[in-house]
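# Remarks on the overall topology
For reference, the chains in residue letters:
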Amino acid sequence: MSEKKSSVILLVEDNASDIDLTKRAFEKANILNPLVVVENGEEALEYLFCVGKFADRAKDELPSLVLLDLKMPGLGGLEVLKQIRANPKTRRLLVVILTSSKEDQDLAISYDLGVNSYIRKPVDFHKFAEVIKQLGMYWLVLNEPPVLD
Amino acid sequence: MNDVLNWLGGIFNSIPLTLLEVWGRFGFLVGFSLMLAAFARITFRPAYQWGLGRERQTWNTKALLSIIITFLLIELTGYLGSFIVLVPGAQTFESLKDLSVFICILLFGFPALIIVPFAYGLSDLNEGVAPGFILDWIWGYFINPVCFWIAYQLIGKNPDFKKLKTWKWYFLFVVIFMFIEPVLWGYICSNKFTSEISYRTITPALFFTTGITWIIAPFAMMIALPFARKMGFFWAEIPGHVKEHLIGQKVWIWESGTDKNYKDLGELKKGIPIRIFLVGPFIALIITLLGTTAYFTLSSSELAATKLAERLHLEITENINHQLDKFLESKQVSKKEDVTLAISDLLYKLPVAKNGRAFIIDKSGNLIASSSDNDSDLVAKNAVKKLFELNGKLDLLNNSTQFRFDVVTAKPLSRETWLTQATPYHDKNGGHYDWILMTAMPESYYLSGVRVGNSQSAMIFAIGLILSLAAAAALAAIVTKPIIKIVKVTQALARGDFSVHVPDSRLEEINTLSHSFNNMSEQLQSSFAMIQENEKRLQLAIEGASLGIWDWDIVSNKLVWDESMYLQYGLKKENFGGAYEAWERSILPEDIPKARSGVQTAMDGGKDYTSEFRILRPDGLIRHLKATAKLIRGEDGALLRMVGISFDISEQKEANAELMKYKNQLEDIVAERTAALEFSNKELESFSYSVSHDLRAPLRGIDGWSLALLEDYGHLLDEKANSYLNRVRSETQRMGELIDDLLKLSQISRSEMKWEKVDLTSIANTVIKRLTEQNPNRKLLFKVQSDLVTTANNHYMEIVLTNLLNNAAKFTSKVPEAIIEVGKLNTDNKVIYFVKDNGAGFNMNSAKNLFGAFQRMHKQSDFPGTGVGLAMVQRIITLHHGKIWAEAEINTGATFYFTINENE
């Protein structure tokens, strides 16, 4: 059974303000893809593997892009990334880290784990909105997505 | 006295003569054998033990003086003794002479022995004994002192008559002496006298004389011995004077003056003593010359006197003939008896009758007339007897003849030689009387003058001999004294006594020798002193270091320790077995295998031995010892001996253990601190992480929602409210920059420092290119020195130059023409890099905290910035072991200097 790619963008983010600002940035950038928000790592994995409270979700559908925050209570973004890449079903999933941190070690580990892109959220919202806009343009329009198994 | 002599004579008279003759011959043979032994210096009691040995006499001054003293003493006592008459007409005090022989031989030994025969002979000659007698008795003169030499053999080494032991040996000697000496003289005399006289008169007389000697001798010795000892002349107490060895062995077993069994390590000294070599031939020559001269002088004077006597006889006979003719012519006496009487009267009146005899016999030997009125006149009897012996029948006697005969009387003992002339007489009146006229004179009569002269000559010869001997001894002493001294000094040197020196000598060659010897001795002394000093130092070092020295002879398994070893092991010498096993017993049982394998390795052909082990001392202490040794191997490579040292390393071991403890403690502390540091580093990291994540998120929220407010409701707010919201946003963004810079600062020093080759020129150019691009409207002039190459961290140097050049560009923004220089200064082997601008500069007085974080020199509105840049630069330079400082002036510019790795 082949996985189907939906137009959903999965945002993994624990900060409510950031969630709303991101949503606003998406709106400003006219990206109309449905945005599914989960507030921690466990939920993100439950969504992706259709378990827990997402058990009833259409199982063969995977998001077209995952925006992953690193620092979250409970399971962190890097661990989520690791599990995504470890599972054959989700290993080619487009994952972009969207975080406040620009720590060298975070960057290194993320790329080692096979992240597709790493973006630091600027404090200036103008710049943030611009980043989101370009992100959407690039990953959803310009980039040829991988074929999912 | 006479009674004693008669009693002794009686005893000898009762012994059969044949037995006495056998005894006499036996005594002579024993005496002769002893003589050979004595003069060959053979001893029967070497080192107080019965055996056959030889003694070696040192011919030193004392030995030569002993000869002279003995000689003089014998002459003196002989002379004195002849005046003391014990038995009138028979015995003088001969004992005195024997006594001096006894004492001299016992006190002086061999030197006295060899002179006695000569001294005795000369003494007898002086007393009037005819030289012929002396020749006849020559063996007697040599054997006689040898009989005294028996006493020398038995008690000579300590003739102390205060000891009972000495008396016992003395009695043995007296018995032996009395058994051989008087009878052997009997044998010797029997050639000259009859056996009857020799054994029955002379022997008892000698028995008597020597008997007196043996009664006096012990007491005389009691006086003489202490005196000789005091003068240092007693032979047995002069060191080195006489040595004894057993025949067939070359080891000295006794030496005079040491009075203990003397072991000479060296070979027996061979060769003639220099003194004897020098003096011997000289003395022999003098003795021979003087002896023969004396003998011939005395003999020839006797001969001359005899010739004179013979001539006298002729004249006397002629005179008698003449008177007899006249008498017979003038007085015709018919009666035969009357004639005889008258002739006797005539003869009696002759001068010759006073000392000699004149008598007439007929051809049958009957006495016709005599100047002596004694009918049994021995002289006439013996003369006639001799005449018959010589001529047989007297009828045939036609010419006058001269001959000698002896008259011997037993009591008193006397022997007189008479010179006689027998002349046939025929009267002129017809030959009525056919007689033989005889005249006789005793030799003593006509030789008396000669004898007196001879005695005087003998005395002069004796004095000459003594003087020659003395001169020879003195000369020899001059030569030998320094040589003997050198020998003694050499022996002293061998014993380690360097204080002795050889005195100067009057003889050139010996003087040179003495000086050279003294020089050598001094050099030897100084080098010996040096060696001793070194040894002492070494000893001190050994003692100071508590080193023990050991020596293991593997072949015989004999282990020898010095004192320090016993101290180390806490053992007493008597408790140590002196073998390998004894050593092993001291080792702590668990260390025995280790100790054994050390020795085994050395034995198996290892290099020098070194081993560490623990010992258990008898006092319960456990000590760590280290032993090292040199290995001594035989030609076949087998280990023969190990000689080494041992030292106590317990304290060292304890100190090491203590040190290890401290080291471990230190390591623990370091690990603890490192862990703490790592922990705080982690904390810092997580803090930075939180800051970068969590501090920025709200800022973004504030900015984001401020913008949302502006965008969505901006039209509802007045202009002032809009500007407030913009202020909120700009402050928020500035806060974001501050956080970013703070994070950058915290990142430095958290990562590891990597040293590499860095091209500062190239980095500067890259930064300049970027700056030029960022400021297209500005006029910037950069001067970068080429080849600014150093060793540093490339990434950090980029940050340094970026910050400094950014600052330079920033602070020159208000200058129409900015000039920015990058270069280096070489001073005092130190390279100083600098970045110089002609910008705003700053006041040096307020530049104290120039490099502090968030310190700013200018208003934000004039020159924006966070104040983190220079703090970061300083932190990087410090990481590079360098220094950074600045020189600036307001409105003129600033120069930042820095060095890298100043430690190099």
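A brief structural summary. (Residues numbered from 1 in each chain as written. Chains lettered and ligands numbered in written order. Predicted model: local features only at pLDDT ≥ 70, side-chain atom pairs only at ≥ 80, totals over all residues. Heavy atoms only, no water.)

### Focus: the overall build of chain B
Looking only at helices and strands, one finds 22 helices and 23 strands in chain B. Expressed as a percentage of the 904 residues in chain B, the buried residues total 44%. Just so you have it, chain B exposes about 48,900 Å², and 59% of that area is on carbon and sulfur atoms. (Helix = DSSP H or I, 4+ residues; strand = E, 2+ residues; numbered from the N terminus. Buried < 20%, exposed > 50% of the residue type's maximum accessible area, 1.4 Å probe, protein only. Areas by Shrake-Rupley, 256 points an atom, 1.4 Å probe, with all protein chains shown as cover.)

### Considering the side chain of A:R24
Examined against the element boundaries, A:R24 turns out to sit in helix α1 (residues 16–28). For A:R24, a relative accessible area of 11% gives the class buried. Once residues lying within four places of it in the same chain are set aside, the contact partners of A:R24 are A:F125, B:W705, B:A708, B:E711 and B:D712. (Contact = heavy atoms within 4.5 Å.)

### Looking at a nonpolar patch on the surface
All names here are of chain A. Taken together, the side chains of M137, Y138, V141 and L142 make up a nonpolar region of the molecular surface, amounting to roughly 420 Å² of accessible area. Within the secondary structure, L142 sits in helix α5 (residues 125–142). Judged by relative accessible area, L142 falls into the exposed class, the value being 58%. (Patch = residues over 30% accessible without salt bridge, like charges linked within 9 Å, V, L, I, M, F, W, Y side chains within 5 Å. Salt bridge = Lys/Arg side-chain N within 4 Å of Asp/Glu carboxyl O.)

### Here's the deal with the sheet that holds strand β1 (residues 42–43) of chain B
Residue and element names in this part refer to chain B. Strand order in the open sheet formed by 4 strands is β1-β2-β5-β6, with antiparallel pairing between adjacent strands. Here the strands that pair on one side only, and so sit at the sheet edges, are β1 and β6 (252–255). Across 2 bridges, β1 lies against strand β2 (residues 53–57) in antiparallel orientation. Its bridge partner lying in β2, T43 is registered against G53. (Pairing = 2+ DSSP bridges.)

### Focus: the pairing of strand β3 (residues 35–38) of chain A
All names here are of chain A. With 4 bridges connecting them, strand β2 (residues 9–12) and β3 associate as parallel partners. Across the sheet, the residue bridging to V12 is V38, located in β3. Running through α1, the crossover from β2 to the neighbouring parallel element β3 is right-handed. (Right-handed = clockwise from strand over helix to strand, strands pointing away.)

### Structural notes on the nonpolar core
All names here are of chain B. Within the largest apolar cluster, 73 residues are counted, with the highest numbers of intra-cluster contacts made by F102, L107, Y170, F173 and W214. When neighbours within four sequence positions are excluded, L107 is seen to be in contact with M221, A224, L225, A228, F233, F234 and W235. Core analysis: the second largest hydrophobic core is formed by 45 residues, V767, V835, V868 and V873 among them. (Core = buried A, V, L, I, M, F, W, Y, C linked by side-chain atoms within 4.5 Å.)

### Points about helix α17 (residues 592–603) of chain B
Residue and element names in this part refer to chain B. Between its first and last C-alpha, α17 extends 16 Å over 12 residues, near the 16 Å set by a 1.5 Å rise per residue. Those residues of α17 not exposed but buried are I592, A595, G598, V599 and A602. Burial along α17 is one-sided: seen end-on, the buried residues are contained in an arc of 130°. Contact partners of the buried residues in α17: β12 (548–553), α16 (580–586), β14 (609–616), β15 (622–633) and β16 (639–648). Once α17 ends, the next one or two residues include G605, with phi positive near 105°. (Expected span 1.5 Å × (residues − 1). Arc of directions from axis to C-beta.)

### A short note on the environment of B:G704
Following the sequence through the fold, B:G704 ends up in helix α18 (residues 650–713). Along the sequence, B:G704 and B:R729 sit 25 residues apart, while their C-alpha atoms lie 8.3 Å from each other. Ignoring any residue separated from it by four or fewer positions in sequence, one finds B:G704 in contact with A:L21 and A:F125.

### Here we look at the interface of chain A and chain B
Chain A puts 25 residues into the contact, and the matching count from chain B is 27 residues. Here chain A packs against chain B, burying approximately 2,200 Å² in sum over the two surfaces, 48% of which is carbon and sulfur. Where chain A meets chain B, there are 6 salt bridges. Notably, a salt bridge pairs B:D712 with A:R24, separated by 2.8 Å at the nearest N-O pair. (Buried area = accessible area lost by both parts, 1.4 Å probe.)

### Notes on the packing of helix α3 (residues 61–81) of chain B against helix α4 (residues 95–108) of chain B
The relative placement of two packed helices comes down to the angle between their axes together with the axis-to-axis distance. All names here are of chain B. Between α3 and α4, whose axes approach to 8 Å, the crossing angle comes to 165°. What the angle tells us is that α3 and α4 run roughly antiparallel. In terms of crossing hand, the pair formed by α3 and α4 is right-handed. Residues S66, I69, T70, L73, I74, T77, G78, L80 and G81 of α3 pack against L96, K97, S100, V101, C104 and F108 of α4. (Axes fitted to C-alpha atoms, helices over the stretch in contact; angles between N-to-C directions. Parallel < 35°, antiparallel > 145°, perpendicular 65-115°, else oblique. Left-handed = near helix turned anticlockwise from the far one by under 90°.)

### Examining the environment of B:E798
Residue and element names in this part refer to chain B. Take E798: it is sitting in helix α21 (residues 794–811). Residue class for E798 comes out partly exposed when judged on its relative accessible area of 38%. Counting along the chain gives 36 residues from E798 to S762, while the straight-line C-alpha distance between them is 9.9 Å.

### Considerations on the packing of aromatic side chains
Residues and elements named next belong to chain B. For the structure on display, the rule yields 51 aromatic pairs over all chains. Judged by centre distance (5.9 Å) and plane angle (25°), the rings of F102 and F173 are stacked. Residue F102 is located in helix α4, and its partner F173 is located in helix α8 (residues 164–189); the two are separated by 71 residues in the primary sequence. F173 shares its class with F102; the two are buried. Between Y170 and W214 the ring centres are 6.4 Å apart and the planes differ by 80°, which places this aromatic pair in the edge-to-face class. With Y170 in helix α8 and W214 in helix α9 (residues 195–231), this residue pair connects regions lying 44 residues apart in the sequence. When its relative accessible area of 2% is taken as the criterion, Y170 is described as buried. (Phe/Tyr/Trp six-rings, centres within 6.5 Å; stacked < 30°, edge-to-face > 60°.)

### Some words on the pairing of β15(B)
Residues and elements named next belong to chain B. By the bridge criterion, 8 bridges tie β14 to β15 in an arrangement that is antiparallel. Among the inter-strand pairings, Y609 is bridged to a residue of β15, identified as A629. Hairpin geometry of β14 and β15 is characterised by an intervening segment of 5 residues between the two adjacent antiparallel strands and by a positive phi of about 90° at G620. Note: β15 against β16, 9 bridges, orientation antiparallel. Within the sheet, the bridge partner assigned to T628 lies in β16 and is I645. Count of turn residues in the β15/β16 antiparallel hairpin: 5 residues, of which G637 carries a positive phi of about 90°.

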